Amino acid sequence: MQGMIVKTISGFYDVDTGDAIYTCRARGVFRNEGLVPLTGDRVEITQTSEHAGTIISVLPRKNQLIRPPLANLDQLLIVVSTTDPPPNYFVIDKIIAYAELAEIEPMLVVSKTDLKDGTALEQLYKKAGFSVFYTCAQQKSGLEDLRVAFTGKISAFAGNSGVGKSTLLNALFPKLCLQTGETSKKLGRGRHTTRHVQLYRVGEGYIADTPGFSSFEEEVQQPIRRENLQFYFREFAPYLTGCKFTSCSHTKEKGCKIIEAVDQGKIAASRFESYKKMYELASQTPDWVFDKKQR
Ligand SMILES: Nc1nc2c(ncn2[C@@H]2O[C@H](COP(=O)(O)OP(=O)(O)OP(=O)(O)O)[C@@H](O)[C@H]2O)c(=O)[nH]1
Ligand SMILES: [Mg+2]
Ligand SMILES: [Zn+2]
């Protein structure tokens, strides 16, 4: 039988075959091959009892993310709260770049707009070329467009702990009844109320709720080579060919068209700052990391 992994908890995989859900273990051989089945994977299973089975193979993936750990996504909705916790532009831009690398469409969801105005945030990312949804789960506003965006797609929410991912999903699809948590007042961030990655069938699509993360962790994703980073900031594209030096790093060179566009307000300063910071970090990544992970 074929199905999709909709939930992964410590070595147990719930596989939805369309007719039923089977709780499966993966065949031992996966460990030797270094392949870890992910939520979102299409898999072949054999049934071992009424509700249980064994995963015997994982079908080729369209794409994969390390965090949140998901395969075969069409779109990644990055939830950013106006406050509590406040937006962290570097984290947002990092997630966007990794989504672009994996060829998953990144989109922004501005949340908690009852607490603070989020139009500047909305405009910043709209101008950079992304779909942005302006929402408030509390007042149930901006939800209809989001519901439409999920139709026929496999989507996932991503974002810091406490930004309101689970609350938003509950407001969108009340039947889900997901657990939500208080934002820690002291740290201004959530406490990881959601503990595992799970895909939910909603109408004509699937949506994953994911555990958030704190903005303080410098997270390991699939590393991006510094010379490729420019391609994962989509608003840079019109300016990339004009730089004076063909090997321009777009961080400090004279005659750089990216820097010129930033100075003219065509590229947001915060996006450029994120690019420079990521470039700096990528420069410190030893080559063997790429040899191992980007074959
Ligand atoms: N004022 C206000 N509070 C909200 C809104 N949405 C969520 N919250 C609150 O924010 C807190 C965190 O919400 P969650 O939905 O648990 O956040 P999460 O992103 O799922 O967090 P993790 O599961 O830890 O990653 C809860 O106390 C919610 O009630 C909103 O639109 N307005
Ligand atoms: Mg949650
Ligand atoms: Zn340049």
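Note that the structure is predicted; figures quoted are calculated from it, not measured. (Residues numbered from 1 in each chain as written. Chains lettered and ligands numbered in written order. Predicted model: local features only at pLDDT ≥ 70, side-chain atom pairs only at ≥ 80, totals over all residues.)

Side note on the overall build of the protein
- Along the protein, the regular secondary structure elements total eight helices and 13 strands.
- Judged by the C-alpha coordinates and their principal axes, the protein covers about 65 × 50 × 35 Å.
- Burial status across the protein gives 37% buried among its 295 residues.
- Pairs at least 24 apart in sequence give 64% of the contacts found in the protein among residues at least 6 apart. (Helix = DSSP H or I, 4+ residues; strand = E, 2+ residues; numbered from the N terminus. Buried ≥ 20, exposed ≤ 12 C-beta atoms within 10 Å, placed from the backbone. Contact = placed C-beta atoms within 7 Å.)

Examining helix H5 (residues 165–172)
- Three or more residues of H5 are buried, namely Lys165, Ser166, Leu168, Leu169 and Ala171.
- Against strand E8 (75–81), strand E9 (105–111), helix H4 (143–150), strand E11 (154–158) and strand E13 (205–209) lie the buried residues of H5.

Side note on the domain arrangement of the protein
- In terms of domain boundaries, the protein breaks down into domain 1 (2–58), domain 2 (64–209) and domain 3 (229–293).
- The C-alpha centroid of domain 2 is placed 27 Å from the C-alpha centroid of domain 1.
- Contacts between domain 1 and domain 2 engage nine residues on the former and 12 residues on the latter.
- In terms of residues, the side of domain 1 that touches domain 2 owes the most to one element, strand E1 (residues 2–9), which gives four residues.
- In terms of residue class, the side of domain 1 that touches domain 2 is built from three nonpolar, three polar and three charged. (Domains from an automatic or database assignment. Nonpolar A, V, L, I, M, F, W, Y, C, P; charged D, E, K, R; others polar.)

Notes on unusual backbone geometry
- Note that the residue after Asp84, namely Pro85, is joined by a cis bond; omega there is 0°.
- When you line up the elements, Pro85 lands in the loop between E8 and helix H2 (89–101).
- Even without being glycine, Ser10 reaches a positive phi, approximately 30°.
- By the element assignment, Ser10 lies in the loop between E1 and strand E2 (12–16).
- Phi at Lys140 is positive, roughly 50°, even though this residue is not glycine.
- For Lys140, the location among the structural elements is in the loop between strand E10 (132–134) and H4.
- Overall, Lys140 belongs to the exposed group, with 11 C-beta atoms counted inside 10 Å.

Overview of the pairing of strand E5 (residues 52–58)
- Pairing between strand E3 (residues 21–26) and E5: four bridges, direction parallel. What sits directly across from Cys24, in E5, is Gly53.
- Remark: two residues form the turn of the hairpin made by strand E4 (residues 42–49) and E5, two consecutive strands paired antiparallel. (Pairing = 2+ DSSP bridges.)

Observations regarding the pairing of E11
- Within E11, five of the five residues are buried, leaving the element largely enclosed by the surrounding structure.
- Burial along E11 is two-sided: Ile154, Ala156 and Ala158 and Ser155 and Phe157, pointing in opposite directions, are all buried.
- Of the strand pairs in this sheet, E8 and E11 are connected by four bridges, and their pairing is parallel. Paired with Ile78 across the strands is Ala158, a residue of E11.
- One ladder, built from three bridges, connects E11 with E13; its direction is parallel. Looking at E13, one finds that Ala156 is bridged to Ala208.

What about the packing of H2 against helix H7 (residues 269–283)?
- Where H2 meets H7, the axes come as close as 9 Å, and the angle between the chain directions of the two elements is 70°. Classified by the angle their axes make, H2 and H7 are roughly perpendicular. Here H2 and H7 pass one another in a crossing that is right-handed. Residues Tyr89, Phe90, Asp93, Lys94 and Ala97 of H2 pack against Ser270, Arg271, Ser274, Lys277 and Met278 of H7.
- Class assignment for the residues of the contact of H2 with H7 results in four nonpolar, two polar and four charged. (Axes fitted to C-alpha atoms, helices over the stretch in contact; angles between N-to-C directions. Parallel < 35°, antiparallel > 145°, perpendicular 65-115°, else oblique. Left-handed = near helix turned anticlockwise from the far one by under 90°.)

Focus: the environment of Ala52
- Looking at where Ala52 falls in the secondary structure, it is placed in strand E5.
- The partly exposed category is assigned to Ala52, around which 14 C-beta atoms lie within 10 Å.
- Sequence-distant contacts of Ala52, defined by excluding residues within four places in its chain, comprise Tyr22, Thr23 and Cys24.

With respect to the environment of Ala137
- Mapping Ala137 onto the fold places it in the loop between E10 and H4.
- The class of Ala137 is buried, set by 23 C-beta atoms lying within 10 Å.
- Along the chain, Ala137 and Ala282 lie 145 residues apart, while their C-alpha atoms are 37 Å from each other.

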